[in-house]
Structures are given as C-alpha cells and as structure tokens.
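Single-letter residue listing:
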Amino acid sequence: RRIAILISGRGSNSVSLMEAARAPGFPGEIALVLSNRPDAGGLARARDEGIEAFAIDHTAYADRASFDAALHEALVARDIDLICLAGFMRVLTSEFVERWSGRMVNIHPSLLPLFRGTNTHQRALDAGVLIHGCTVHFVVPELDAGPIIAQAAIPVVPGDTAADLAVRVLAQEHRLYPQALRMICDGDARLENGRVVFSEGW
Ligand code: GRF
C-alpha cells in the first residue's frame, strides 16, 4: 500500500505515522507527505526521512474544486492507494471524497460523534464530559461524520484546561493512528456499504 499523509501545520501525527511505517514488516509505505501550506513543519521532517514532500498552496487556486483536482492529480501520479489526513485543515469537496471513498481516513481530537469540527477540547470541558479522546474514521463528505475505525479515551480530571486535554489526547493520537493505519493496510478494517467491517479476531 502506498500511503499519502496530508497535513496543514505542525505535523506531529505525520511524524508518528512515518516512524511507525519504518518498522520492519509494516504493511504500507509512506510515499508522500503533502501540505496545503508551504510552511507546514511536517514537510521538512518527511524530507529528512527521504520521503517526497511538498505543498500545493491552496491560495493559488480559484476555488475548492480546482485545488482538489490538483491534489487528486498529484496523488494519482504517485500511485497512492490510501490517504491519511493528519491535521489537514481544508474541507474537501464531496467529489474528491467520493473518489477516495474507503481509501481516506482522518484523525479527530474527540470521541466522535461528540464534538465534530474545531475547538474540541474546550467544548468537551464546557460539556462537562469525564471521558474524552480521539477517533480515527473513514472520511465521508459530511465533516467528521465517517464510520469509526478506532478510538482512544482519556479521563478528564478536575482542574484540566483545554491545553491539558490537548496534550493528553495528542499522546493518544500518536499511539492510535499508527495502530489504525496498520489495521487498514492489513485489510482488518475496511469500509463496506458505508460501515466499517472488522476482520474476525478484532
Ligand atoms: C491533531 O490534534 C489532530 O487530531 C487534529 O489536528 C491536530 C493536528 O496536529 N485534526 P499535528 O499537526 O498532527 O501535530
């Protein structure tokens, strides 16, 4: 499996995926790291690892459709099989999402279906939940609404700030995303008729 990671910023999840994929016998290869922002931190790190990495600057495109078309072309030209969104902050058109249906996953910093969208840690605090976490899911056109592949939870304790939760959830993201990617590459979690099907034994 040839994997592309799409990022917009810091790129710490892309680093955890690249590190995991270096393990002998990992069932996929990170072939490309793409950013919509030229200044994304994850790009330099990918190049250090010998992975092709560049930006497709969304500000250079007139609309979402033309940006997504350029993205699609870059991915197809490199024989990419699977896309991992990792802090990718652009909404993708439904045309793009449909083209990659079952072959594109995302990590979201909440226990979906709670707290879709941004600012999840503050919203978790405001809601008073005592358990919070992160979710890896297949991407569907509706934002953060796709079928769930894996989740990890953390307790929320008195005195926690949004920044505290962000740190603890991010540590779980770095553990969860590589695990989920392995499952997907092995075919142990796949999208069928809009639902995730897990292999026996999971
Ligand atoms: C992560 O919390 C991810 O779940 C969210 O954006 C953040 C990206 O962090 N979608 P990084 O760029 O991977 O460090």
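Quantities reported herein were computed from a predicted structural model and do not represent experimental measurements.

A.B. asks: I tried to follow the sheet that holds strand β3 (residues 52-55) on my own but got confused; where do I start?
C.D. replies: Whenever strands of a sheet pair, they do so through backbone hydrogen bonds, lying parallel or antiparallel. Taken in spatial order, the seven strands line up as β3-β2-β1-β4-β5-β6-β7 in an open sheet, and their pairing is mixed. Of all strands in the sheet, those with a lone pairing partner are β3 and β7 (148-155), marking the two edges. Adjacent strand axes in the sheet meet at a mean angle of 20°, parallel and antiparallel pairs treated alike. Bridge count between strand β4 (residues 82-85) and strand β5 (residues 104-108): three bridges; the pairing is parallel. Looking at the pairing, Leu85 lines up with Asn106 of β5.

A.B. asks: Which parts of the structure should I look at to understand the UniProt feature "binding site: N(1)-(5-phospho-beta-D-ribosyl)glycinamide" (unreviewed entry) in the chain?
C.D. replies: Within this structure's numbering, the places UniProt gives as "binding site: N(1)-(5-phospho-beta-D-ribosyl)glycinamide" (unreviewed entry) are Gly11, Ser12 and Asn13. Excluding residues that lie within four positions of it along the chain, Gly11 makes contacts with Ala40, Gly41, Gly42, Arg45 and Gly87. Within the secondary structure layout, Ser12 lies in helix α1 (residues 12-21). Excluding its chain neighbours within four sequence positions, the residues that come into contact with Ser12 are Leu170 and His174.

Procedures and definitions
- Position labels on residues start from 1 in each chain and follow its written sequence.
- pLDDT decides what is reported in this predicted model: residues at 70 or higher carry local features, side-chain atom pairs at 80 or more are listed and counted, and totals for whole chains, interfaces and linings draw on all residues regardless.
- A strand pair is defined by DSSP finding two or more bridges across the two strands.
- Each helix is a run of DSSP H or I of at least 4 residues and each strand a run of E of at least 2, with the numbering of both proceeding from the N terminus.
- Note on geometry: axes are C-alpha line fits, over the in-contact stretch for helices, and angles between N-to-C directions span 0 to 180 degrees.
- UniProt positions are given in the numbering used here, feature names are shortened, and annotations may be inferred rather than shown by experiment.
- What counts as a contact here is a pair of residues whose C-beta atoms, placed from the backbone, lie within 7 Å.

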